[in-house]
Amino acid sequence: MNVLLFLSDTIIPLMIFYIVVTGLVQKQNIYEEFIHGAQDGFQTVIKIMPTLVGLMVAVGILRASGLLDAVSAAIGNLVGSRFVPSEIIPVFIVRLFSNSAATGLALDIFKKYGTDSMLGYITSIMMSSTETVFYTMSLYYMSVKIKKTRWTLPGALVSAAAGLAASVVIANYLV
């Protein structure tokens, strides 16, 4: 355990040291390369900022309007709380759009039911085994101007559903 703690404390400084030494050995101008990379990163941030703002506003409206609760109830009735607890469905839906908003909902579940409860386990496993599908797709596809996503969205949604199903099965096995 001490080895892992040591590695977690030193891996980033060692990586930076390795990059600097490699650049010096290859006689590269490290500072100019760093500045060029930072400029490219800043340009990327400027390109994706409208998409990020739009997604944040959409998730805020979804939560504040009560539409999230209505959609969650409809999906809960469709799926049935026997397979997926109805308390998890809002977290799953919001997780498709925003990690930070889903984390807020997950914290609400932890406060209400506890982290070691069945719902806490399902939420934790689901948060770590699913992706922010719409956020990721909009970010990557908008930044490179791809308009036809083909089978990306259906595949990502099936993958997210599989992550949800796996989290329920695994949590049932743990408890």
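Parameters and conventions
- Every chain's residues receive numbers from 1 upward, in the order its sequence appears when written.
- Given that this is a predicted model, residues contribute local features only at a pLDDT of at least 70 and side-chain atom pairs are listed and counted only at 80 or more, while totals for whole chains, interfaces and linings are drawn from all residues.
- As a rule here, side-chain values come from all non-hydrogen atoms in the structure, and water together with hydrogens is ignored.
- A run of H or I in DSSP counts as a helix once it spans at least four residues, and a run of E counts as a strand once it spans at least two, with each numbered from the N terminus.
- Here the expected span of a helix is defined as 1.5 Å times the quantity of residues minus one.
- Only protein chains enter the accessibility calculation, which uses a 1.4 Å probe; a residue whose area is less than 20% of its type maximum is buried, one above 50% is exposed, and one in between is partly exposed.
- By definition, the arc is the one covered by directions from the helix axis to the C-beta atoms.
- A contact between two residues is defined here by any heavy atoms of the two lying within 4.5 Å.
- Side-chain atoms within 4.5 Å link the members of a nonpolar core, which is a set of buried Ala, Val, Leu, Ile, Met, Phe, Trp, Tyr and Cys residues.
- Axis lines are fitted to C-alpha atoms, over the contacting stretch for helices. Their N-to-C directions set the angle, which ranges from 0 to 180 degrees.
- Geometric relationships in this document are graded by angle, where less than 35 degrees denotes roughly parallel, more than 145 denotes roughly antiparallel, 65 to 115 denotes roughly perpendicular, and other angles denote oblique.
- The hand of a helix crossing depends on one turn: near helix anticlockwise from the far one by less than a right angle means left-handed, and clockwise means right-handed.

J.: Provide a residue-level description of helix H5 (residues 99-113), including the pertinent values.
T.: For H5, built from 15 residues, the straight-helix expectation of 21 Å at 1.5 Å per residue is met to within 8% by its first-to-last C-alpha distance of 20 Å. Buried within H5 are the following residues: Ala-101, Ala-102, Leu-105, Ala-106 and Ile-109. Projection of H5 onto a plane perpendicular to its axis shows the buried side chains occupying an angular sector of 140°, all on one side. Every exposed residue of H5 that faces more than 90 degrees away from the buried side is listed here: Ser-100 and Lys-111. Backbone geometry just after H5 places Gly-114 at a positive phi near 95°.

J.: Can you break down the environment of Ile-122 residue by residue, with the values?
T.: Tracing the backbone through its elements, the reader meets Ile-122 in helix H6 (residues 118-129). Overall, the relative accessible area of 1% leaves Ile-122 in the buried class. Remark: the alpha-carbon pair of Ile-122 and Val-84, spanning 38 residues in sequence, is separated by 9.2 Å. Excluding its chain neighbours within four sequence positions, the residues that come into contact with Ile-122 are Pro-85, Ile-88, Ser-167, Val-168 and Ala-171.

J.: Outline the nonpolar core, supporting the account with residue identities and numerical values.
T.: In terms of nonpolar packing, the biggest core is built from 28 residues, with Ile-88, Val-91 and Val-94 touching the most fellow members. Elements supplying a minimum of two residues to this core: helix H2 (30-65), helix H4 (89-95), H5, H6, helix H7 (133-143) and helix H8 (152-174). Setting aside residues up to four positions removed in sequence, Ile-88 forms contacts with Ile-109, Leu-119, Ile-122, Thr-123, Met-126 and Leu-164.

J.: How would you sum up the packing of H5 against H6? Please name residues and give values.
T.: Orientation of H5 relative to H6, taken along the N-to-C sense of each, is 165°, at an axis distance of 9 Å. By the criterion of interaxial angle, the relationship of H5 to H6 is roughly antiparallel. In this structure, H5 meets H6 at a crossing whose hand is left-handed. Contact residues: H5 offers Asn-99, Ala-102, Thr-103, Ala-106, Ile-109, Phe-110 and Tyr-113, while H6 offers Leu-119, Gly-120, Thr-123, Ser-124 and Met-127.

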